[in-house]
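Structural description and commentary
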Amino acid sequence: MSGATSREPSDSVGQPEVDITNERRGAERVASGVFTPRGELRASISAGALLGAGYVLTRVGEMARVGEVLYWISLVIGMVFGGRAAWHAIRSRKVDIDVLMVVAAGLAAYIGHPEEGALLLFLFVLSGALEDLAMARTQREIESLHTLMPKGAMVLRGGEWVEVDAQTLVAGERVKVRPGERVPADCVVVQGESSMDQSAMTGEAMPRHVAEGDELYAGTINTDDPLEARVLRGVSESSLQKILDLVTTAREQREPVQRVIDRVNEPYAVGVLVVSAVVALVWRYGVGQSWTEAATTAITLLIVASPCALVIATPTATLAGIARGARGGVLFKGGQSIERLSGMRAVCFDKTGTLTVGRPRVYEVHPVGWSDGKELLALAAGLEADSTHPIAVAVRECAAMRGIEPVAFERVDHTTAKGLRGVHGSVEVRLGSVAFVRESIPECFRARVDEVLSRVRARGHIAVVVTRAGVEGREGVSGGVNGEAAVIIMADAVREGAREMIEELHVLGVRPLRMLTGDHRETASRVASRLGIDLVDAELLPEDKLRIVEAMQREHGSVGVIGDGVNDAPALAAASVSIGIGAIGTAAALESADIVLLSENLRSVSWAVRLARSVRRRVAFNLSLALGVIVVMSISTLVLSALGRPIDVGWGVVAHEGGTLAVVLNSLWLLRFPGLGRRAERVTNREMYRGSGSAVLAGAR
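Because the structure is predicted, anything quoted here is derived from the model rather than measured.

Attention shifts here to the sheet that holds strand S5 (residues 194–197). Strand order across the open sheet formed by 3 strands is S6-S5-S8, with antiparallel pairing between neighbours. If you trace the sheet from one side to the other, it starts and ends with strand S6 (208–210) and strand S8 (221–222), each paired once. Here 3 bridges tie S5 to S6, and the two strands are oriented antiparallel to one another. Paired with Ser194 across the bridge in S6 is Val210.

Spelled out as structure tokens, the structure:
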């Protein structure tokens, strides 16, 4: 009854059934059409029907012998399934729950009570079958991600479009994704625009708008117009495959409490056998009961003290939590991740790429001594032509949206973390921080530039400055004898659900919430104020973030760090629990974070915390129930037997197996954990551009 699972082939017709191999079964089963969870369920129901019929017939005088025969047939059916698992355990030199139950049933039949042995094995096999089917359902919830893996692809080979196996795709090939089809591999759009349904992977209801240059992820569905795309990675290296590998690994990880239970499982089973034998001897020679009475007490004790419910208490809830999280776009890397998240008391956030989308967009160009906005954008885009920096991408996209061709520079020099310097003709053009370009700004304009930058930072936005040296008499330039300058203003939008996440974490008692960023203090403070974040630390280096996280752990205990999985590596490594956000295509986040949130809606963070805490509550309930049944029933069995009022073996069986079923059902309820609900419709980046293009030119004028 541990959380280890495996899929085994079936001899039955149709799809192979899922079988759950666990400590209760003692060893890996040899699967067949009979020895599957459904086969066991049918057999146990048959055994139960025979047992019930036997009970009725034994109450009819002339049919009593037939009823006795039905008892034995029911017992034999139970022995076939229970004894098979016990035999595998003995061959592996183990004494586990299967052995305990078979021994107890055999002893009950030996002392003349085959009906009680049959009842024990009927309920034992029935609960085992139901448990396996429940665990199989949990595993199917997890493995439903495998259905997202595309099978075929339309690829351009030899000048023709051909249908091929998606596994044969290689990086660089051109594929076509038609409406309703799944994207065959991670790729980038090269022609067309459409909407992509990512709900099965991220839990987000609204489609994602994509256009030329946007990445597509394997397994997502094209809902609108046909697209052509270039393959970035083969199927085996796709983001979806990494997610599948992550979830598969997560299923096999044990939580600390489960590792303890696994270690003591076999010694405990041996101990129960020994104690039961001692009780039989003491009750016979010490208490003075008959052998039948003493054996009945020992058998009842052996049954109620068996740790069936205890062994499955943790893995059933954990696997159900992992399955529910995977369906909601939250990937837990095992039970330890759930445990750590549930105990998280404070959080540190990265800003860029985490609380904000990390993709700045130009929304205004503020001229200072410059008259032509088109020429400004052409020069800025030309300087940034070969850069992959997000600011460079924003400048180029702005120019492209207005149909402005970048200017070709004869030479461009890059100064790390400061800016770019280029030569066009005999004129030097600079773009970057105000400190980098200040000497190129005419003195009469410097105060004005500082004033604009101050207002930009106060709004929590981003700005770079463009300058051009004096070009007196140059054709096509109006004014500008002493040089010109302009401020390009960009905004990095706050992620969807960020404020709701902050509010919900506060309600959950997670406090303080602290922003750690290398960005400018005014910009960081503005974003933090809008979101309601408790503490802000800006202009930090990676070692500063590490120092702050370590200090918070000393003060608050369990501290989570939420980032993009690429930056802030030292802080993520030092955190009690690290969470990667919006990382459906970020390999670093999938590999480094304890938990990966595929949805870009930040409310997934608080939802994941609530889910983790629900898992821990159900684990605690399961353990309390299992231990309670063992302790109460064991003590009652001994005390009442010593007082001459022994508990019937049948009641011991009902209590033992009832506790096991209660644990399974309580855990399965996690699969019904409520989701985030339908999110509000948001404006796409392309629509924002269409609305802001006029503002860009207005600013340029």
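After presenting the structure, the write-up continues.
This part covers helix H3 (residues 97–110). An ideal rise of 1.5 Å per residue puts 20 Å on 14 residues; H3 measures up with 20 Å between its terminal C-alpha atoms. For H3, the tally of buried residues reaches 10 of 14 residues, placing the bulk of the element in the interior. Restricting attention to buried positions, one finds in H3 the residues Ile97, Asp98, Val99, Leu100, Met101, Val102, Ala104, Ala105, Ala108 and Ala109. Of the residues trailing H3, Gly112 is marked for its positive phi of about 95°.

Right, let's get into the pattern of salt bridges. Within this structure, the stated rule accounts for 22 salt bridges. The salt bridge involving Arg178 is made with Glu163; its shortest N-O contact spans 3.5 Å. Taken as a pair, Arg178 in the loop between strand S3 (174–177) and strand S4 (187–191) and Glu163 in strand S2 (residues 160–165) lie far apart in primary sequence, 15 residues in all. Given a relative accessible area of 30%, Arg178 falls into the partly exposed group. By relative accessible area, Glu163 is classed as exposed at 52%. Connected via shared salt-bridge partners are Arg421, Glu428, Arg430 and Glu439.

Interaxial distance between helix H9 (residues 308–327) and helix H21 (residues 603–642) falls to 8 Å at its minimum, and their mutual angle equals 165°. Judged by the inter-axis angle, H9 sits roughly antiparallel to H21. At the point where H9 passes H21, the crossing takes the right-handed sense. Contact with H9, carried on its side by Ala309, Leu310, Ala313, Thr314, Thr316, Ala317, Thr318, Gly321, Arg324 and Gly325, involves Trp607, Leu611, Val615, Val619, Asn622, Leu623, Ala626 and Leu627 of H21 and no other residues of that element. Grouping the amino acids of the contact of H9 with H21 by side-chain chemistry returns 11 nonpolar, 6 polar and 1 charged.

On to the packing of aromatic side chains, then. Per the stated rule, a full pass over the model turns up 2 aromatic pairs. Ring plane angle 90° and centroid distance 5.9 Å describe the contact between Tyr285 and Trp291, whose orientation is recorded as edge-to-face. Look at Tyr285 and you get exposed, because its relative accessible area is 60%. The class of Trp291 is partly exposed, set by a relative accessible area of 44%. When the ring of Trp607 is compared with that of Phe673, the centres are 5.9 Å apart and the planes differ by 65°; the resulting orientation is edge-to-face. Note that Trp607 is positioned in helix H21 and Phe673 in the loop between helix H22 (649–668) and helix H23 (685–700), a separation of 66 residues in sequence.

Each value, and the rule that gives it
- Residues numbered from 1 in each chain as written.
- Predicted model: local features only at pLDDT ≥ 70, side-chain atom pairs only at ≥ 80, totals over all residues.
- Heavy atoms only, no water.
- Pairing = 2+ DSSP bridges.
- Helix = DSSP H or I, 4+ residues; strand = E, 2+ residues; numbered from the N terminus.
- Expected span 1.5 Å × (residues − 1).
- Buried < 20%, exposed > 50% of the residue type's maximum accessible area, 1.4 Å probe, protein only.
- Salt bridge = Lys/Arg side-chain N within 4 Å of Asp/Glu carboxyl O.
- Axes fitted to C-alpha atoms, helices over the stretch in contact; angles between N-to-C directions.
- Parallel < 35°, antiparallel > 145°, perpendicular 65-115°, else oblique.
- Left-handed = near helix turned anticlockwise from the far one by under 90°.
- Contact = heavy atoms within 4.5 Å.
- Nonpolar A, V, L, I, M, F, W, Y, C, P; charged D, E, K, R; others polar.
- Phe/Tyr/Trp six-rings, centres within 6.5 Å; stacked < 30°, edge-to-face > 60°.

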